[in-house]
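# Structure assessment
These are the residues of each chain, in order.
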There are 2 protein chains.
Amino acid sequence: MIAAAGILSATQSVINLLIEGFENPESKEIERLEDMRTMFAAAQLVGRAVRRVRQVEGAAYEQASVAFDLSFLFGGQIAGSDMRLFQIYAAGNFIECSQDMPFMQIGEPKYGKPILDRAVTHDVEIYDALKIGLISMDSTLKSNLGVGPPVDIAVLRRDVLTTEVDWRIEATDPYFHDLRDRWSAALRAAHMAIPPPPYENMRR
Amino acid sequence: MIAAAGILSATQSVINLLIEGFENPESKEIERLEDMRTMFAAAQLVGRAVRRVRQVEGAAYEQASVAFDLSFLFGGQIAGSDMRLFQIYAAGNFIECSQDMPFMQIGEPKYGKPILDRAVTHDVEIYDALKIGLISMDSTLKSNLGVGPPVDIAVLRRDVLTTEVDWRIEATDPYFHDLRDRWSAALRAAHMAIPPPPYENMRR
């Protein structure tokens, strides 16, 4: 599975290179994503595709004063090996998800990060994780009006090797609508339940 | 009142220019903050001080590959005039707080913005606003480990012309500690109370 953020033209070019194949600068062989034997090798290939697109298109973006800003989440499992998830940056470098870092975000991460920081741990149940992810998206949708539905979701369980969920949540989705209403009401109740600050007339 | 974010050396230079005075490039007169007759003129002066510091120090920052990144919140009231609040950017330009934009943030704004977006309106009671501001700071402290206490707070009421609160909240402050615990517990309860997502086995 691959998710992209940033300049759409560049991320689409990366995806197309991965499918159609491109030359490895060292071995001179044409490599495609489906040829990779390990998830690590596949993540390296995504990184090389990013660098290749930057090499070809980067100067033109610079001339147009457009930052070459993109990132990917790339995850999955090859039968018999571990499930892995990588975050790939605009320089083609990448980091891996781990127990210490139980979630990754790309795109507009900050508005939705506080609830993930509080609620997502490595052992959270997978549909709880999905629910918390949707709450996180709700914060982003509320605070950045440039981000909007649909929200594409996917669930991939270890050792199943196929997606359990592959769905698009539209703006009219009743569950997401209800989640957003409940979350708003709960936050309002939560801050109203906290006693007022005791700092009245306190001066240094 | 003035709050600063960004490169400390540059924001301190701005503050010092405002106190000691500097030449107006058009009138050639030395101007200090306390000489300004209106809040708008004072905000313009802050903007000119920012540009002056950039003019003097900007090239050196650039050589050191340090972005000239700073911003200010500048607010207050001159007797007989309206209370006003401005956000001043690194280019010396500024915008004003209004009913449509009932709060302003500088520094690391995004983690703490969702709760402000939901809870702060123009007519919120002033200590409720302070409480919501502290909840917003809590999200920022949790999600960016580079941000830490103390948290300086100030409350200035219209037509009082002196601060009602001017206080430093230290890491050990019992109210802030309690607020953070209550908020964490309330968020946990809130997301656990939302029903699980209905998307299991849904595929396009």
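The following refers to the structure shown. (Residues numbered from 1 in each chain as written. Chains lettered and ligands numbered in written order. Predicted model: local features only at pLDDT ≥ 70, side-chain atom pairs only at ≥ 80, totals over all residues. Heavy atoms only, no water.)

So, on to unusual backbone geometry. Residues and elements named next belong to chain A. Of note, the amide linkage connecting P149 to P150 takes the cis form, showing an omega dihedral of 5°. Structurally, the position occupied by P150 is in the loop between α4 (126-143) and β7 (151-156). In this structure, S65 takes a positive phi of about 55° despite not being glycine. Within the fold, S65 resides in the loop between α2 (39-63) and β4 (70-77). Look at S65 and you get exposed, because its relative accessible area is 68%. Unlike most non-glycine residues, L161 shows phi in positive territory, near 65°. Under the relative-accessibility criterion, L161 is labelled partly exposed at 46%. (Helix = DSSP H or I, 4+ residues; strand = E, 2+ residues; numbered from the N terminus. Buried < 20%, exposed > 50% of the residue type's maximum accessible area, 1.4 Å probe, protein only.)

Counting residues at the interface gives 52 residues for chain A and 52 residues for chain B. Buried area between chain A and chain B, both sides added, is near 5,000 Å², and the carbon and sulfur share of it is 61%. When the area that chain A buries against chain B is broken down by residue, the three leading residues are A:R118, A:Y199 and A:R204, summing to 17%. One can count 8 salt bridges joining chain A with chain B. For B:K110, the salt bridge goes to A:E108, with nearest N and O atoms at 2.7 Å. Summed over the shared surface of chain A and chain B, the result is 26 residue pairs in polar contact (both at pLDDT 80 or more). (Contact = heavy atoms within 4.5 Å. Buried area = accessible area lost by both parts, 1.4 Å probe. Salt bridge = Lys/Arg side-chain N within 4 Å of Asp/Glu carboxyl O. Polar contact = N/O pair within 3.5 Å; in protein donor to acceptor, adjacent residues only side chain to side chain.)

With that out of the way, let us pick up the packing of α4(A) against helix α5 (residues 174-193) of chain A. When two helices pack together, their arrangement is given by the angle between the helix axes and the distance between those axes. Residues and elements named next belong to chain A. The geometry of α4 relative to α5 is characterised by a closest axis approach of 10 Å and an angle of 75° between their N-to-C directions. Classified by the angle their axes make, α4 and α5 are roughly perpendicular. Of the residues in α5, those in contact with K131, L134, I135, D138, S139, L141 and K142 of α4 are Y175, F176, L179, R180, W183 and S184. Partitioning the contact of α4 with α5 into residue classes produces 7 nonpolar, 2 polar and 4 charged. (Axes fitted to C-alpha atoms, helices over the stretch in contact; angles between N-to-C directions. Parallel < 35°, antiparallel > 145°, perpendicular 65-115°, else oblique. Nonpolar A, V, L, I, M, F, W, Y, C, P; charged D, E, K, R; others polar.)

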